[in-house]
Amino acid sequence: MESALASIKLDVEHCSKAFDFVKFPENVLDQIFQYLTVKQLLTIRSTCRSWKKIFDGSSAMNRIVLEFPENLVLDRKYSPPSLVPARNLCFSKSRISAVDSWWPSVGERLIYLSVNDCQISYAMLLKMLRQCPNLNSLEYLCPAYPAASVSIGDMKFDKLEHLKIENSAIFYILYDIVKMCPNLKDLNMVQEINAMELIKHVGVLKDILAEINIVGVSKVINEMQQFKQLKHLHIENEVLSDQTLRAIAAIHPRLETITVNITSTGTVEVTFLEVLECLQTLSIKSNIVNHRGYVCSNQTSVNFTALNGKKLKKLELVRIRPTHLSLQRLLKESSNLQEIVLDTCHFQDWSEIFSLAEKQKMLKRLELNSVIVQNDNCCLSEYFDNLKYLKLINCNLPKQRLETFFSLCSELEGVVLQSIQSVDDDVILELLQSSDRLKKLTLNICPSVTDVSVDHIATYGLMLKQLTITSCQGVSDDALKNLNVASN
């Protein structure tokens, strides 16, 4: 026995020396890291100093996104805890008044920075960017805090190639941005822009504009062809005919994203989609505005027959009534669809929706909001193996259909159920037992949910990290308090 144990010990020591990962070529380690999740990577990093050094110097760090908590106040007194040396960083809904001595060491590693809905002056943003010499991509999304022009001197961000901006003062700082970023490849302007104002700056934008949310495009269709890099086009607040949209598609046939309003009292033939062979995101809305300026809930009938959605990754329909089974024909050859959003849409029955979703084997996200069906017919049989996120709002799905659906969704990680009368304790139990990876659950205005569901959550919701229960009359405060005590 002692001899056998000695033999095992020697083999382990031999293996330990043979697999000295410190001496592995960097490209080999990068290949190994590709098969690990972010959580696994961070666990490896915390193992010892050698692994920490290996990991921090590898390209795997590009997968780590450091997200600061919301509602932070970054001032001269603020000092963050020990940070992972991430190359991607996000600030959201915070006030940034100063960044002290901790920022330079963080900024010098960054290749991606997002500042979203923050209170931050343009001058402070530039001060932060000065410490980011390797920054390749920037998202500056602060529409409520207009940028004021400042002196930029000889400031340069030579490695910045991708910029996404939402700020009402964009045209006041546009020329400075182009001057500071000589190698800028694509500029994404996501706030609403008047077409006539846009054309005034065509000279500086024609080779870099990649995304635009535009109003009045019908007046400048010919001028639009000057924007050679345009890939994402949003036309939400202007009703356009199929003929006009076809003219736009002919100018930019390689659009990857398009958002349009096709309001009509009759059936619309969306033939403009025939031209857009590279389309990945399609959003069609029907905003019927009455004489008082309010959006009406009437749906526009749309015929998707004979169109090809082979490369579509996201489909969003708002106040649309697809002609019967035409969506199935649109997506019959699609193998890449990952997200479906249906808001206030009308279908003949639930089978039309779920049979569409069942065929999309890559589907990760499904949102149904106030969907109307003529009858409750529904046939569910196939598993939704890749569905991670589900949002159901104000949908009259029968209880039995919900239970069957949840029994086929074993990979769900996030679920929102709001104003669903048929959601009761049995439905919640089926959801929890079928989806053992569920991390986020929101229940809002579900009157049939009681304290029994809270007990189910305590028993089966072991992976839950975020639970929100609001306006569920059958759930008592005591049950929620007991659940909080148990989880702590």
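For the structure itself, consult the block above.
Residues numbered from 1 in each chain as written. Predicted model: local features only at pLDDT ≥ 70, side-chain atom pairs only at ≥ 80, totals over all residues. Heavy atoms only, no water.

This brings us to the sheet that holds strand β16 (residues 300–303). The strand order across the open sheet formed by 3 strands is β12-β16-β18, and the pairing between neighbours is parallel. At either margin of the open sheet sits one strand with a lone partner, and together these are β12 (267–269) and β18 (320–322). Across the sheet, the mean angle separating the axes of adjacent strands is 35 degrees when strand polarity is ignored. (Pairing = 2+ DSSP bridges. Helix = DSSP H or I, 4+ residues; strand = E, 2+ residues; numbered from the N terminus. Axes fitted to C-alpha atoms, helices over the stretch in contact; angles between N-to-C directions.)

Further remarks concern the packing of aromatic side chains. Per the stated rule, a full pass over the model turns up 10 aromatic pairs. With a centroid separation of 5.6 Å and 85 degrees between ring planes, the pair formed by tryptophan 102 and tryptophan 103 is classed as edge-to-face. Of the two residues, tryptophan 102 and tryptophan 103, neither departs from the other in class, the shared state being buried. Summarising the aromatic geometry, the rings of phenylalanine 384 and phenylalanine 405 are spaced 5.2 Å apart at their centres and angled 85 degrees between planes, so their arrangement reads as edge-to-face. On the criterion of sequence distance, the pair formed by phenylalanine 384 in the loop between β22 (372–375) and β23 (389–393) and phenylalanine 405 in helix α14 (residues 399–407) is long-range, its members being 21 residues apart. (Phe/Tyr/Trp six-rings, centres within 6.5 Å; stacked < 30°, edge-to-face > 60°. Buried < 20%, exposed > 50% of the residue type's maximum accessible area, 1.4 Å probe, protein only.)

With that settled, the discussion passes to helix α13 (residues 350–358). Counting buried positions along α13 yields 7 of 9 residues, so the element is predominantly enclosed. Buried residues belonging to α13 abut α12 (326–330), β19 (339–343), β20 (346–349), β21 (365–369), β22 and α14. Capping the start of α13, aspartate 349 holds a side-chain oxygen 3.2 Å from the backbone nitrogen of serine 351, two or three residues further along. (Contact = heavy atoms within 4.5 Å. Polar contact = N/O pair within 3.5 Å; in protein donor to acceptor, adjacent residues only side chain to side chain.)

Another aspect to go through is the pairing of β23. Two elements, β21 and β23, share 5 bridges in a ladder whose sense is parallel. Bridged to leucine 368 within β23 is leucine 392. The pairing of β23 with strand β24 (residues 414–418) spans 5 bridges and is classified as parallel. Residue pairing for β24: isoleucine 393 is matched across the bridge by glutamine 418.

The gaps of empty space that remain are located by a probe, the size of a water molecule, rolled over the atoms. Scanning the entire structure with this criterion turns up 2 cavities of 30 Å³ or more. Here the largest cavity is characterised by a volume of approximately 90 Å³. Residue lining of the largest cavity: 13 residues in total, with Tyr122, Leu129, Leu138, Leu163 and Ile177 positioned closest to the centre. Among the elements of the structure, α6 (122–129), β6 (137–141), β7 (162–166) and α7 (170–180) are those that each provide at least two residues to the lining of the largest cavity. (1 Å grid on protein atoms, 1.4 Å probe; cavity = no way out; pocket = protein on both sides within 12 Å on 5 of 7 lines; lining within 4 Å. Points joined across faces, edges and corners; volume = space filled by probe spheres on them.)

Evaluated as defined, the whole model comprises 12 salt bridges. Glutamate 411 is the salt-bridge partner of lysine 388, the closest N and O atoms lying 4.0 Å from each other. Of this pair, lysine 388 sits in the loop between β22 and β23 while glutamate 411 sits in the loop between α14 and β24, placing them 23 residues apart in sequence. The exposure class assigned to lysine 388 is partly exposed, which follows from its relative accessible area of 27%. (Salt bridge = Lys/Arg side-chain N within 4 Å of Asp/Glu carboxyl O.)

How two helices sit against one another is set out by the angle between their axes and by the gap between those axes. Put simply, helix α15 (residues 425–434) and helix α16 (residues 451–460) touch, their axes get as near as 9 Å, and they point 10 degrees apart. In terms of orientation, α15 and α16 fall into the roughly parallel class. In this structure, α15 uses Asp425, Ile428, Leu429, Leu432 and Gln433 to contact α16, whose residues at the interface are Val452, Ser453, His456, Ile457 and Tyr460. Tallied by class, residues from the contact of α15 with α16 come to 6 nonpolar, 3 polar and 1 charged. (Parallel < 35°, antiparallel > 145°, perpendicular 65-115°, else oblique. Nonpolar A, V, L, I, M, F, W, Y, C, P; charged D, E, K, R; others polar.)

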